[in-house]
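# Descriptive analysis of the structure
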Amino acid sequence: MSDYTVYGSPRSRAFRVIWMLEELGVPYTLNPVAPQSPEIRAISPTGKLPAMTVGETAITDSSAILTFLADAHGAMTAPAGSVERARQDAWLYRILDELDAVVWAAARHSFVLPEGERVPEVKPSLKREFARNLKRIAAEIGDRPFLMGDEMTVPDFVLTHCMGWSLMAKFDPLPAPLDAYHTRMRARPAYQRTSQAA
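Cut-offs applied
Residues numbered from 1 in each chain as written. Predicted model: local features only at pLDDT ≥ 70, side-chain atom pairs only at ≥ 80, totals over all residues. Heavy atoms only, no water. Pairing = 2+ DSSP bridges. Helix = DSSP H or I, 4+ residues; strand = E, 2+ residues; numbered from the N terminus. Buried < 20%, exposed > 50% of the residue type's maximum accessible area, 1.4 Å probe, protein only. Right-handed = clockwise from strand over helix to strand, strands pointing away. Axes fitted to C-alpha atoms, helices over the stretch in contact; angles between N-to-C directions. Contact = heavy atoms within 4.5 Å. Core = buried A, V, L, I, M, F, W, Y, C linked by side-chain atoms within 4.5 Å.

Another aspect to go through is the pairing of strand S4 (residues 57–60). Bridge analysis of strand S3 (residues 51–54) against S4 gives four bridges, and the strand direction is antiparallel. Bridge pairing links threonine 53 to alanine 58 in S4. What sits between S3 and S4 in their antiparallel hairpin is a turn of two residues, with glycine 55 showing a positive phi close to 65°.

Bringing the pairing of strand S1 (residues 4–7) into the picture now. What you see with S1 is no split at all: Tyr4 and Val6 on one side and Thr5 and Tyr7 on the other are buried throughout. Relative to S3, S1 runs antiparallel, the two being bridged by four bridges. Looking at the pairing, tyrosine 4 lines up with valine 54 of S3. As paired strands, S1 and strand S2 (residues 29–31) are joined by three bridges and run parallel to one another. Considered in S2, the bridge of threonine 5 is made with threonine 29. Taking the sense of rotation as the criterion, the β-α-β connection linking S1, helix H1 (residues 14–24) and S2 turns out right-handed.

This brings us to the sheet that holds S4. In space, the four strands of this open sheet follow the order S2-S1-S3-S4, with mixed pairing throughout. Each edge of the sheet is formed by a strand with only one pairing partner; in this case those strands are S2 and S4. Averaged over all neighbouring strand pairs, the angle between strand axes comes to 25°, with direction disregarded. Sheet strands in contact with H1 are S1, S2 and S3, and its direction is about 150° off that of S1. Helix H3 (residues 62–73) contacts S1, S3 and S4 of the sheet and is inclined by roughly 120° relative to S4.

Counting residues in hydrophobic clusters, the biggest one holds 50 residues, and the most contacted among them are Met52, Leu159 and Leu178. Per element, the largest residue contribution to this core is eight residues, and it comes from helix H4 (residues 83–112). Not counting residues up to four positions away in its chain, the partners in contact with methionine 52 are Tyr4, Thr5, Val6, Tyr7, Val17, Thr57, Ala58, Ile59, Ile65, Phe68 and Leu69. Tyr7, Val33, Ile40 and Ala51 belong to the second largest nonpolar core, which has five residues in total.

Structure, rendered in structure tokens:
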């Protein structure tokens, strides 16, 4: 199955999806639509990016798309129903809660929300929360090459993207173990190809 069209720019969370497709070596079409555009709203009522169509069916949310792709291609995931898959999903949900949601909140109060709805004073608190959460993750990952051990899995895509996003937003530097991890992940050829498309 490879009739995939990804909607969204590599400058959005669509980066995660494009990167996984590049890692898998699966063909896809990229449609770099803008958030809330009529074209994205036609397949995703929220107007959020990314979305991906599989034939005529749309899948929304980057994590749902990553999980689908990993399962569909039998790569970069523990088997569904296994204890290892539960551990993998726990990492994914934790990263979404402790990192993605925090850096997204900072973005919303920087440029996403209408100016009158922004509360810039919340950003220092969000940066401190992000740093605390990263420090705990760094202590747990240690010198493992990937979150789950020796194999790259779905949460690695989200963690790497969140850290890059935080650096662009001028959050604190990454803790040493995660800085090394981030450097390794960014050096992957598939990551480089995705970055060049941005």
